[in-house]
Amino acid sequence: MTRDLFADATQGSPLREDLCPGAVVLRGFALAKETHLLASINEITAAAMFRHMLTPGGFRMSVAMTNCGGYGWVTDGKGYRYATTDPLSDQPWPAMPDVLLQLASAAAKDAGFADFTPDACLVNRYEAGARMSLHQDRNERDFTQPIVSVSLGLPAIFIFGGMRRNDKPVRVPLLHGDVVVWGGPARLRYHGVLALKPGRHALAGECRINLTFRRAG
Ligand code: SIN
Ligand code: FE2
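Along each chain, residue indices are assigned from 1 in the same order as the chain's sequence is written. Throughout, the order in which chains and ligands are written sets their labels, letters from A for the former and numbers from 1 for the latter. Whole-chain, interface and lining totals are the exception, using all residues; otherwise, since this is a predicted model, local features are given only for residues with pLDDT of at least 70 and side-chain atom pairs are given and counted only at 80 or more. Where side-chain values are given, they derive from all heavy atoms of the structure, hydrogens and water being excluded.

S.K.: Would you mind going over the coordination of the iron ion (ligand 2) with me for this structure?
M.R.: In an ideal octahedron of six donors the angles at the metal are 90 or 180 degrees, and in an ideal tetrahedron of four donors they are 109.5 degrees. Each metal's donors are the N, O and S atoms within 2.8 Å of it, or within 3.2 Å when it is Na, K or Ca, and because water is not part of the set, sites may look incomplete. Only His135 (NE2), Asp137 (OD) and His191 (NE2) from the protein reach the iron ion (ligand 2) as donors, at distances of 2.1 to 2.2 Å. Every donor residue of the iron ion (ligand 2) comes from the same chain, spaced as H-x1-D-x53-H. Burial status follows relative accessibility: with a 1.4 Å probe on protein chains alone, a residue under 20% of its type maximum counts as buried, one over 50% as exposed, and anything between as partly exposed. When its relative accessible area of 4% is taken as the criterion, aspartate 137 is described as buried.

S.K.: Just to check I follow, could you spell out helix 2 (residues 34-47) for this structure?
M.R.: Side chains of residues three or four places apart in an α-helix project in the same direction, reflecting 3.6 residues per turn. Put simply, DSSP H or I for four residues or longer makes a helix, DSSP E for two residues or longer makes a strand, and each gets a number counted from the N terminus. Expected span of a helix: the number of residues minus one, times 1.5 Å. Spanning 14 residues, helix 2 covers 20 Å between terminal C-alpha atoms, matching the ideal 20 Å at 1.5 Å per step. Leu37, Leu38, Ser40, Ile41, Ile44 and Thr45 are the residues of helix 2 that are buried. For helix 2, the angular spread of buried residues about the axis comes to 160 degrees, placing them on one side. Seen from the buried face of helix 2, the exposed residues on the opposite side, beyond 90 degrees, are Thr35, Asn42, Glu43, Ala46 and Ala47. Only heavy atoms matter for contacts: two residues are in contact if any of them lie within 4.5 Å across the pair. Residues of helix 2 that are buried make contact with strand 3 (64-68), helix 3 (98-110), strand 6 (120-126), strand 8 (147-153) and strand 13 (208-214). The directions considered for the arc run from the helix axis to the C-beta atoms.

S.K.: Looking at this structure, how should I read helix 3?
M.R.: Between its first and last C-alpha atoms helix 3 spans 18 Å; for 13 residues at 1.5 Å apiece the expected length is 18 Å, and the two agree. Listing the buried residues of helix 3 in full gives Val99, Leu100, Leu103, Ala104, Ala107 and Ala108. The buried residues of helix 3 all sit within an arc of 160 degrees when viewed along its axis, so they share a single face. Opposite the buried face of helix 3, at more than 90 degrees from it, the exposed residues are Asp98, Gln102 and Lys109. Glycine 112, located one to two residues past helix 3, shows a positive phi value of around 105 degrees.

S.K.: Sorry if this is basic, but what is going on with the site of ligand 1 here?
M.R.: We call a residue near a given molecule or strand whenever any one of its heavy atoms falls within 4 Å of it. Around ligand 1, the structure places 13 residues, and the nearest of them are Tyr126, His135, His191, Arg208 and Asn210. For the purposes of these results, a polar contact is taken to be a pair of N or O atoms within 3.5 Å, where, inside protein, one atom must be able to donate a hydrogen and its partner to accept one; residues adjacent in sequence count only when each atom of the pair is a side-chain atom. Asparagine 124 places a polar side-chain atom, nitrogen or oxygen, 3.4 Å from an oxygen atom of ligand 1. Histidine 191 places a side-chain nitrogen or oxygen 3.0 Å from an oxygen atom of ligand 1. Using a 1.4 Å probe, the Shrake-Rupley method yields the accessible areas, and only the shown protein chains count as cover for residues. Alone, ligand 1 offers 260 Å² of accessible surface; in the complex the protein occludes 99% of this. Secondary-structure elements contributing two or more residues to the shell around ligand 1 are strand 6, strand 7 (132-135), strand 12 (191-193) and strand 13. The greatest single-element share of the shell around ligand 1, amounting to four residues, is contributed by strand 13. We call Asp, Glu, Lys and Arg charged. Ala, Val, Leu, Ile, Met, Phe, Trp, Tyr, Cys and Pro are nonpolar, and the rest, Gly among them, are polar. Grouping the constituent residues of the shell around ligand 1 by class yields five nonpolar, six polar and two charged.

And the structure:
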């Protein structure tokens, strides 16, 4: 899938695609920082390694995860929550690098959410076959703050649904550098990612990396 092919399939500006009130895809928004972002992710994962967490029901998640920032999203037999330390090391999560913070704030601003200062960044690594089933992001305190989601590496199909689990989702192909922002009336929309197709990305290798920024605390 190439960017040109996708641009032909969108209406209006190929760089900005409204999904619904409060939700927008900013095509290629992170591209200018791709090298810096991937280097920062390598530093984060050297300090807090990717791991497959367990759902509260005991299932191993197919997506490998870690975090940076003051709060990190974790799941285990005790449930979903934010933690200020990495349960593998009992150390604080790595600090959120400025390049990540600034990208997330700028994307939120572009999408109409001024003054977004995330304190949590979940780093998701999808390898071939990894997927994320439909869910809401609802472990944060303040739902007036949006979610900013950055895609790097292999392409994936993001599914974006409604406020109820059974609302039929739309399929949104996300490419390296694309950023999705959802907030306001869209903040609690169900969303997920279909199983990743195998492939190799020139910079990221055989995976997709997703950065999901939140205001958690
Ligand atoms: C998430 O909902 O945490 C991840 C979304 C994505 O990988 O695009
Ligand atoms: Fe999510």
